[in-house]
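An overview of the molecular structure
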Amino acid sequence: ASPRDERGSPSPRVRGERCSVAPSRSPFSYATIRVVPDIEREEFLNAGLILFCRPRRFLRAHTSLDADALEALHPGCDVHALREQLTLYERIAAGEGEAGPVARLPQSERFHWLSAPRSTVVQPGPMHTGLTDDPAGTFDHLYGLLVERG
């Protein structure tokens, strides 16, 4: 695997390094999935990531909830109910038909539905974009950087 910068993109080539074929990089969009236990306070915990790369037909969401960090942020939250909501993001992104009618939509529509702004406890963060030649690797990098943080 090639070294990556802070956005998950491959690092630039060293001057003079030969490359017979230009790498094909594809645009992607992503957003974090946030848990906002108290909307008025505007405090949140990143609990997942959604990434969509249309040219590569790649859509993935993965979540994990740090119950201790959530308890420190807002004591008494229903961790079980929040984990169920977060898991639904994963199931819809994966296109699991049992997850409801949104899960049966085409990939791009599922992504736009999952990443649409909302004022609920579980909500997407702002949309970001980039270029990648490896959407799965970029997803793993961003997930580690933005959700696992260490």
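Our subject in this report is the structure included herewith. Quick caveat, the model's predicted, so the values are computed rather than measured.

**Description of the overall build of the protein chain**
In terms of regular secondary structure, the protein chain is built from 4 helices and 5 strands. The order of helices and strands in the protein chain, counted from the N terminus, is β-β-β-α-α-α-β-β-α. Within the protein chain, the fraction of its 150 residues that count as buried is 37%. Long-range contacts, defined here as pairs at least 24 residues apart, represent 61% of the contacts in the protein chain between residues at least 6 apart.

**Remarks on the pattern of salt bridges**
By the definition in use, this model includes 3 salt bridges. The partner of Glu43 in a salt bridge is Arg41, with the nearest N and O atoms 3.0 Å apart. Since its relative accessible area comes to 52%, Arg41 is described here as exposed. Among the ionic pairs, Glu96 bridges to Arg91, the shortest N-O distance being 2.7 Å. Exposure remark for Glu96: the relative accessible area of 32% places this residue in the partly exposed category. A relative accessible area of 26% places Arg91 in the partly exposed class.

**Some remarks on the packing of helix α2 (residues 79-94) against helix α3 (residues 107-115)**
Where α2 contacts α3, the two axes come as close as 9 Å, and the packing angle between them is 160 degrees. Taken together, the axis directions place α2 and α3 in an arrangement best described as roughly antiparallel. Crossing of α2 over α3 shows left-handed handedness. Every residue of α3 that contacts α2 at Tyr89, Ile92, Ala93 and Ala94 is listed here: Arg110, Trp113 and Leu114. Looking at the contact of α2 with α3, its residues break down into 6 nonpolar, no polar and 1 charged.

**Points about the nonpolar core**
In this structure, Val35, Ile50, Leu65, Leu70, Leu82, Leu86 and Val122 are the most contacted members of the largest nonpolar core, which totals 22 residues. Taken together, the elements giving at least two residues each to this core come down to β1 (26-35), β2 (45-53), β3 (58-63), α2 and α3. Among the elements that take part in this core, α2 stands out by supplying 5 residues, more than any other. When sequence neighbours within four positions are dropped, the list of residues in contact with Leu82 reads Val35, Leu65, Leu70, Cys77, Val121 and Val122.

Rules of the game
- Residues numbered from 1 in each chain as written.
- Predicted model: local features only at pLDDT ≥ 70, side-chain atom pairs only at ≥ 80, totals over all residues.
- Heavy atoms only, no water.
- Helix = DSSP H or I, 4+ residues; strand = E, 2+ residues; numbered from the N terminus.
- Buried < 20%, exposed > 50% of the residue type's maximum accessible area, 1.4 Å probe, protein only.
- Contact = heavy atoms within 4.5 Å.
- Salt bridge = Lys/Arg side-chain N within 4 Å of Asp/Glu carboxyl O.
- Axes fitted to C-alpha atoms, helices over the stretch in contact; angles between N-to-C directions.
- Parallel < 35°, antiparallel > 145°, perpendicular 65-115°, else oblique.
- Left-handed = near helix turned anticlockwise from the far one by under 90°.
- Nonpolar A, V, L, I, M, F, W, Y, C, P; charged D, E, K, R; others polar.
- Core = buried A, V, L, I, M, F, W, Y, C linked by side-chain atoms within 4.5 Å.

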